[in-house]
Amino acid sequence: MKRLSTFAAISLLVAGLGWAQVNGDRLILKDGTYQVITKYQIKGDRVRFFSAERDDWEEIPKDLVDWAATARWKHDYGSAGNADQMVTQTNANDPEQQEVAKIDAEERAARAAELARMPFILPGLRLPDESGVWVLDTYNDRPELAHLTQANGDLNRAYQHSVLPYEAGAQRGARDLIRINGFTAPVELHVNQPVFYVSLDAPKGATEAESIGKPLTVDTRGASSVPDDKHAHSSPESRYVILALQGGKNMRKATAEDVDAILRGGQPVNVTNTTSEILPGGRWMKVTPRNTLAFGQYALVEVLSPRQANLDVWAFGVDPTAGENKGTVGPVEQ
């Protein structure tokens, strides 16, 4: 029989951090002993359970429980046919059971909120409880999430969403509209059709960002040089395109003509359109390129309206030969 990981054990037992109501089940302890129980709940660092032997509520530290052994016992024996089995009667007027129902509802609501903030996108891999834009990459056959920062280059605002609006036609021709320092982006992807995840609201506990009167490290012709940081997240009304950047002297750049082509629509050769999907819970937007991307340097561009784009872009590269990106989030092994 395959050994269950601690994560799997907790998943089987806790069932979403709600109450498990069972008949004569066991909590196996790390010292080899066990408690015969009828129901239990994990609350913080404690486990509260109803003892089938002493007919009363008890608590022990969560760390005393061998969750893997408990899950294996439940998998092998369950509660049916157990000599220690005890059946409890449901009584809606029982204050203890009323408390159980209340806590159960609260825990289920908390779990649902957590899943909305941190949904699973692959088995064992969840989006972090952070703002910003994350991209799904694969390195050495292992999926991982990398965080993209905007071109303003301010690490103190790396998880905020700044807006630098540009009106279509404000500049003309081949004049550089976006300039980003460096030949390559900090994040180099190893797949040619990456999937992006854009946060649509601020993470739990986050505060609204104040406008910062600091110039950008990008050249932004035809737009304000100060980003609008009043909102640290994207609007669900925004759409996104991927713009291939041109190489320059130790920089990557795009012209006014490039950005205007995005706003005019059509099929510019250096623009890749995307599809978008709001994930359950409304916290994240999934953005997928319609076509594969060739080796090169790119920017994810937010289109705010039919005539307005955000020039504070998210830069990245596509290079299957690049090393692993720093600070990535990988799946939890099960």
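Please read these numbers as outputs of a predicted model, since none were measured by experiment.

Caption draft 1: Representation of the pattern of salt bridges within the structure. Tallying each qualifying case throughout the model produces eight salt bridges. Measuring nitrogen to oxygen at the nearest pair gives 3.5 Å for the salt bridge that ties Glu 59 to Arg 46. In this pair, Glu 59 is assigned in strand β4 (residues 56-61) and Arg 46 in strand β3 (residues 46-51), connecting sequence segments 13 residues apart. Exposure remark for Glu 59: the relative accessible area of 43% places this residue in the partly exposed category. Using a relative accessible area of 31% as the deciding quantity, one classes Arg 46 as partly exposed. Between Arg 283 and Asp 129 there is a salt bridge whose closest N-O contact spans 3.7 Å. A residue pair is termed long-range when its members are at least 10 positions apart, and Arg 283 in the loop between β16 (271-278) and β17 (284-289) and Asp 129 in the loop between β6 (125-126) and β7 (133-139) qualify at 154 residues.

Caption draft 2: View of the sheet that holds strand β10 (residues 176-181). Spatial strand order, β10-β15-β14: three strands in an open sheet with antiparallel pairing. The open sheet has two free edges, formed respectively by β10 and β14 (246-248), since each of these has just one partner strand. Shown here is a sheet whose adjacent strand axes are inclined to one another by a mean of 35°, direction ignored. Direction of pairing for β14 relative to strand β15 (residues 251-255): antiparallel, over a ladder of three bridges.

Caption draft 3: Structural context of unusual backbone geometry. Backbone geometry at Asn 140 places phi at a positive 50°, although glycine is not the residue there. Within the fold, Asn 140 resides in the loop between β7 and β8 (142-148). In this structure Asn 140 comes out as exposed when scored by relative accessible area, which is 64%. The phi dihedral of Asp 141 is positive, around 70°, even though this residue is not glycine. Checked against the element boundaries, Asp 141 lands in the loop between β7 and β8.

Caption draft 4: Layout of the confidence of the model for the chain. With 72% of its residues at a pLDDT of at least 70, the chain reaches an overall mean of 78. Looking over the chain, one finds the lowest element-wise mean pLDDT in helix α1 (residues 6-14), namely 42, and the highest in strand β11 (residues 188-189), namely 98. Within the model, the stretch residues 1-23 combines pLDDT values under 50 with 56 contacts to residues more than four positions away or in other chains. Confidence over residues 204-231 falls short of pLDDT 50; this stretch has 72 contacts with residues more than four positions distant or in other chains.

Caption draft 5: Spotlight on the packing of aromatic side chains. Tallied over the full model, the rule gives four aromatic pairs. Between Phe 50 and Trp 57, the aromatic rings sit 5.0 Å apart at their centres with planes inclined by 80°, giving edge-to-face as the arrangement. Residue Phe 50 shares its accessibility class with Trp 57, and that shared class is buried. Aromatic rings pair up to connect Phe 196, Tyr 298 and Phe 316 into one cluster. Over the face of the ring belonging to Phe 50 we find Lys 39, whose NZ or CZ atom lies 5.9 Å from the ring centre. The ring of Trp 57 carries the charged tip of Arg 48 above its face, separated from the ring centre by 4.5 Å.

Caption draft 6: Main features of the side chain of Ser 238. Position of Ser 238 among the secondary structure elements: in the loop between β12 (195-199) and β13 (239-244). One polar contact links Ser 238 to Glu 302, side chain to side chain, over a distance of 2.7 Å. Excluding its chain neighbours within four sequence positions, the residues that come into contact with Ser 238 are Met 285, Glu 302, Val 303 and Leu 304.

Caption draft 7: Layout of the pairing of strand β2 (residues 34-43). Extensive coverage of β2 is indicated by the burial of eight of its ten residues. Of the pairings in the sheet, the one linking β2 to β3 comprises six bridges and is antiparallel in character. For Ile 37, the partnering residue across the bridge sits in β3 and is Ser 51. The turn linking β2 back onto β3 is made up of two residues, and Gly 44 within it adopts a positive phi angle of 65°.

Caption draft 8: Fine view of the environment of Phe 316. Inspection of the secondary structure puts Phe 316 in strand β19 (residues 308-318). Considering only alpha carbons, one finds Phe 316 and Gln 297, 19 residues apart in sequence, at a separation of 6.1 Å. Residues in contact with Phe 316, not counting those within four places in the same chain, are Leu 148, Ala 185, Val 187, Leu 189, Phe 196, Ile 242, Leu 293, Gly 296, Gln 297, Tyr 298, Ala 299 and Leu 300.

Caption draft 9: The arrangement of the pairing of β3 in detail. For β3, the buried fraction is high: five of the six residues fall into the buried class. Of the pairings in the sheet, the one linking β3 to β4 comprises six bridges and is antiparallel in character. If you follow Val 47 over to β4, its bridge partner there is Ile 60. The turn linking β3 back onto β4 is made up of four residues, and Asp 55 within it adopts a positive phi angle of 55°.

Each value, and the rule that gives it
Residues numbered from 1 in each chain as written. Predicted model: local features only at pLDDT ≥ 70, side-chain atom pairs only at ≥ 80, totals over all residues. Heavy atoms only, no water. Salt bridge = Lys/Arg side-chain N within 4 Å of Asp/Glu carboxyl O. Helix = DSSP H or I, 4+ residues; strand = E, 2+ residues; numbered from the N terminus. Buried < 20%, exposed > 50% of the residue type's maximum accessible area, 1.4 Å probe, protein only. Pairing = 2+ DSSP bridges. Axes fitted to C-alpha atoms, helices over the stretch in contact; angles between N-to-C directions. pLDDT = per-residue confidence, 0-100. Contact = heavy atoms within 4.5 Å. Phe/Tyr/Trp six-rings, centres within 6.5 Å; stacked < 30°, edge-to-face > 60°. Lys NZ or Arg CZ within 6 Å of the ring centre and 35° of its normal. Polar contact = N/O pair within 3.5 Å; in protein donor to acceptor, adjacent residues only side chain to side chain.

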